[in-house]
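Summary of structural features
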Amino acid sequence: MAERTDPPDPSGFDIELLLKQARTYLAFGQQLQPLSERFHETLGQDGDWGEALRQHFDQLKAALARATDDPNGHPDLTRLWTVTLDTWRQAAASLGVSTALAPPAGANAEAWRAYQQLQGQYLDGLRQAARDALDLMEQRLSERAMAGAMVESLRELYNLWVECNEETYGRMLRSLDYAMLNGRLLNALVSCHVRGDAPT
Amino acid sequence: MIGPTPAQITEELRHFQARLTEGARTLRGLGPIETGVLPRDPVYQEDKLVLYRYRPRVAEPHPVPLLIVYALVNRPYMMDLQEDRSLIRGLLDAGLDVYLIDWGYPDAGDRHLSLADYILRYIGHCVHHLREHHQRDSINLAGVCQGGALSLCFTALHPEKIRNLVTMVTPVDFHTPDNVLTHLIRYVDVDLLVDTLGNLPGQLLNFTFLSLSPFRLAGQKYVDLVDILDDAQTVKNFLRMEKWIFDSPDQAGEAFRQFAKDFFQQNKLVKGDVVIDGQRVDLHNVTMPVLNVYANQDHLVPPAASRALAGCCGSRDYSELSFEGGHIGIYVSGRAQRKIPPAIAAWLLAR
């Protein structure tokens, strides 16, 4: 017998997941277009492509800083770096703890402040991992260039970007500091949760 | 080194957008996504648990039934996801008589269910039902992932009822250095969590799994989906997996409390210190033949966590089966379909 839908119904695919990441990919493409432009210009003028690469990645790091400081400025671009935080916020929302600046009604204000502070630390960690990933990507592109290897497409650049982020994020994830922060963040979130609101 | 020119990048983006627009229409027209394809019949029910018997695919199935105990996390239809991705189908084709426990979805009324309830009462009653129905002193038991740990506990407490034990991607030593789930739960105040929330929301577990590889699992995966949107069948395969990933039942509070603290945080299973309803779980009591199946690239249950069973179970007929793949691939990849069910069946049929 085919199991069509069990309660609660999880079968409906949230197309917004796809659309959000597609928009993010398009934003990534727009960010990378100037790099391609500068690279091909530099190549044509027999210039220093290494310097062009450095400059472009400095700009990307500045864009990252702007995007994470003001997530509403360019949400599609911001999502490139905040995918983990977004997932965390969805989990927090499932406990009735939203991203709003004010504590949920009935929540302990001190617990709420502690949670906000830890969430800030969490975002700092993610931001650092994202910066490290850009450094790593610059290094990988440089190494490829030295080896005479060519990146053939925007998608290949995106895949390299994902690979670099997974690597630097994974390093952070496996650190003792992260384990402690993860535990404290979850404990703080639960402390904000208003008893009697359990989603179960 | 940067091959594509700005014009080529523009064209690539335009092409991506066109595929997305066209593909979104495909997605909307797909209809419900079905999982769990093989015919089966409920043969025993207790609370939210349903024990299913899969209809045999040979005229005379093996007389010793095989009971599959899946994890409490996620849903057991992963074992029978679709026509060509079904470990259960492979086991049936090899002549086995296969039963599966579906734990259902715990709700607030289940928050006090303990591991003793799951192991001694639920698994115990299913084993009892099969022993009675098949008139056998002992049956074959296969535990999957966390279900393997629960099966080990049951088997250690009632070895006389289990003829052969198969463990699949089952953690035994929770403190191997590469166990990232243990790493993440180490500083979590489990008592606070359960005392406050009652049951553990499935969405929190989802976050934990996604957070292990967020750029791939919450980002790149959907960008890659655009590439296959013109192939309805492939998209359906993707959506079946997607359904399974997000189909995360809440975890009964007390059972989660004990599993998180005793297994993950304190690693009591491998030390022989787990106590279920006042009885110590000593894996040396697992003296029947054991087949331990693990995946070499398993990022959730590292091979070393599974292979620790060799050093602490009492079986003199202990075998291992390794699979080149990950924690999910071992259920659903084409290679797994060809390798795992025939190997498990051959091992069981020889005993």
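Residues numbered from 1 in each chain as written. Chains lettered and ligands numbered in written order. Predicted model: local features only at pLDDT ≥ 70, side-chain atom pairs only at ≥ 80, totals over all residues. Heavy atoms only, no water.

For chain B, the helix and strand inventory stands at 15 helices and 12 strands. Over its C-alpha atoms chain B spans a radius of gyration of 21 Å, differing by no more than 12% from the 20 Å that the globule rule assigns to 351 residues. Over its C-alpha atoms, taken along the principal directions, chain B stretches across nearly 70 × 55 × 40 Å. Scored against the burial criterion, the 351 residues of chain B give a buried share of 61%. At a minimum sequence separation of 6, the contacts of chain B that also span at least 24 residues come to 79%. Here chain B has roughly 12,700 Å² of accessible surface; of this, 49% comes from carbon and sulfur atoms. (Helix = DSSP H or I, 4+ residues; strand = E, 2+ residues; numbered from the N terminus. Rg over C-alpha atoms; globule rule 2.2 N^0.38 Å. Buried < 20%, exposed > 50% of the residue type's maximum accessible area, 1.4 Å probe, protein only. Contact = heavy atoms within 4.5 Å. Areas by Shrake-Rupley, 256 points an atom, 1.4 Å probe, with all protein chains shown as cover.)

With that out of the way, let us pick up the state of the cysteines. Residue and element names in this part refer to chain B. Applying the stated rule across the entire model yields zero disulfides over all chains. In this structure Cys 313 is not part of a disulfide, and its nearest cysteine sulfur, from Cys 312, lies 6.5 Å away. With a relative accessible area of 9%, Cys 313 lands in the buried category. (Disulfide = S-S within 2.5 Å.)

Time to look at the packing of aromatic side chains. Evaluated as defined, the whole model comprises 23 aromatic pairs over all chains. Arranged with centres 5.0 Å apart and planes meeting at 65°, the rings of A:Trp88 and B:Phe207 form a pair that is edge-to-face. Here A:Trp88 is found in helix H3 (residues 75–94), whereas its partner B:Phe207 is found in helix H7 (residues 202–210) on a different chain. The two residues A:Trp88 and B:Phe207 agree in class, both being buried. Put simply, the rings of A:Tyr25, A:Phe28, A:Tyr158, A:Trp161, A:Tyr169, B:Phe16 and B:Phe215 pair up and form one aromatic cluster. Cation over ring: B:Lys243 sits above B:Tyr77, and NZ or CZ is 5.2 Å from the ring centre. (Phe/Tyr/Trp six-rings, centres within 6.5 Å; stacked < 30°, edge-to-face > 60°. Lys NZ or Arg CZ within 6 Å of the ring centre and 35° of its normal.)

Residue and element names in this part refer to chain B. Across all of its chains, the model carries 33 salt bridges over all chains by this definition. For Arg 257, the salt bridge is made with Glu 254, and the minimal N-O distance between the two is 2.9 Å. On the criterion of helical spacing, the pair formed by Arg 257 and Glu 254 is a turn pair, its members being three residues apart in helix H10 (residues 253–265). Classification of Arg 257 by relative accessible area gives buried; the value is 15%. A single salt-bridge network, built from bridges that share partners, covers Asp 191, Asp 195, Glu 254, Arg 257 and Lys 261. (Salt bridge = Lys/Arg side-chain N within 4 Å of Asp/Glu carboxyl O.)

Here the focus is the side chain of B:His134. Residue and element names in this part refer to chain B. Along the chain, His 134 falls in helix H3 (residues 115–134). Among the residues examined, His 134 registers a relative accessible area of 17% and is labelled buried. For His 134, the side chain forms a polar contact with the side chain of Tyr 99, separated by 2.7 Å. Those residues in contact with His 134 that lie beyond four places of it in its chain are Pro 63, Pro 65, Asp 97 and Tyr 99. (Polar contact = N/O pair within 3.5 Å; in protein donor to acceptor, adjacent residues only side chain to side chain.)

So, on to the pairing of strand E7 (residues 139–144) of chain B. Residues and elements named next belong to chain B. Among the six residues of E7, six are classified as buried, and the element is accordingly described as predominantly covered. Side chains Ile 139, Leu 141 and Gly 143 of E7 all project onto a buried face; the interleaved residues Asn 140, Ala 142 and Val 144 project onto the opposite face, where all are buried too. Here six bridges tie E7 to strand E8 (residues 162–168), and the two strands are oriented parallel to one another. Note that in E8 the partner of Ile 139 across the bridge is Ile 162. The parallel pair E7 and E8 is bridged by helix H4 (residues 146–157), and the resulting crossover is right-handed. (Pairing = 2+ DSSP bridges. Right-handed = clockwise from strand over helix to strand, strands pointing away.)

Now for the pairing of E8(B). All names here are of chain B. For E8, a buried count of six out of seven residues is recorded, marking the element as mostly surrounded by other parts of the structure. Sheet topology note: the E8/strand E11 (residues 290–295) ladder contains four bridges and is parallel. Looking at the pairing, Val 166 lines up with Leu 291 of E11.

Let us look at unusual backbone geometry. All names here are of chain B. Phi angles above zero are rare outside glycine, and Cys 145 is one such case at about 55°. Inspection of the secondary structure assignment puts Cys 145 in the loop between E7 and H4. Overall, Cys 145 belongs to the buried group, its relative accessible area being 16%. The backbone of Val 169 shows a phi angle near 35°, a positive value even though the residue is not glycine.

A word on the interface of chain B and chain A. Contacts between the two partners involve 73 residues from chain B and, on the opposite side, 76 residues from chain A. Taken together, the two surfaces of chain B and chain A that pack against each other cover about 6,700 Å², and 68% of this comes from carbon and sulfur. In this structure, the connection of chain B to chain A is made through two salt bridges. Of the charged contacts, one joins A:Arg155 and B:Asp227 as a salt bridge, the two residues approaching to 2.9 Å between their closest N and O atoms. Here chain B is connected to chain A by 20 residue pairs in polar contact (both at pLDDT 80 or more). For the side of chain B that touches chain A, the secondary-structure elements that each account for two or more residues are helix H1 (6–28), strand E1 (40–46), helix H5 (180–185), helix H6 (190–197), H7, helix H8 (214–228) and helix H9 (232–246) of chain B. In terms of residue count, the dominant contributor to the side of chain B that touches chain A is H8(B) (12 residues). When grouped by side-chain class, the residues that make up the side of chain B that touches chain A number 43 nonpolar, 14 polar and 16 charged. (Buried area = accessible area lost by both parts, 1.4 Å probe. Nonpolar A, V, L, I, M, F, W, Y, C, P; charged D, E, K, R; others polar.)

What follows covers the packing of helix H1 (residues 15–44) of chain A against helix H5 (residues 154–173) of chain A. Residue and element names in this part refer to chain A. Packing of H1 against H5 leaves a shortest axis separation of 10 Å and a crossing angle of 105°. In terms of orientation, H1 lies roughly perpendicular with respect to H5. Listed contacts from H5 to Tyr 25, Phe 28, Gly 29 and Leu 32 of H1 are Leu 154, Arg 155, Leu 157, Tyr 158 and Trp 161. Across the contact of H1 with H5, the residue classes tally to seven nonpolar, one polar and one charged. (Axes fitted to C-alpha atoms, helices over the stretch in contact; angles between N-to-C directions. Parallel < 35°, antiparallel > 145°, perpendicular 65-115°, else oblique.)

Bringing H4(B) into the picture now. In this model H4(B) runs 17 Å from its N-terminal to its C-terminal C-alpha over 12 residues, within 8% of the 16 Å that 1.5 Å per residue would give. Among all positions of H4(B), only B:Gln146, B:Gly147, B:Gly148, B:Ala149, B:Leu150, B:Ser151, B:Leu152, B:Cys153, B:Phe154, B:Thr155, B:Ala156 and B:Leu157 are buried. (Expected span 1.5 Å × (residues − 1).)

This brings us to the nonpolar core. Membership of the largest hydrophobic core comes to 186 residues, with the highest contact counts inside it found for B:Leu67 and B:Tyr331. If sequence neighbours within four positions are ignored, B:Leu67 has contacts with B:Leu51, B:Tyr99, B:Ile101, B:Cys126, B:Val127, B:Leu130, B:Ile139, B:Asn140, B:Leu141 and B:Ala142. (Core = buried A, V, L, I, M, F, W, Y, C linked by side-chain atoms within 4.5 Å.)

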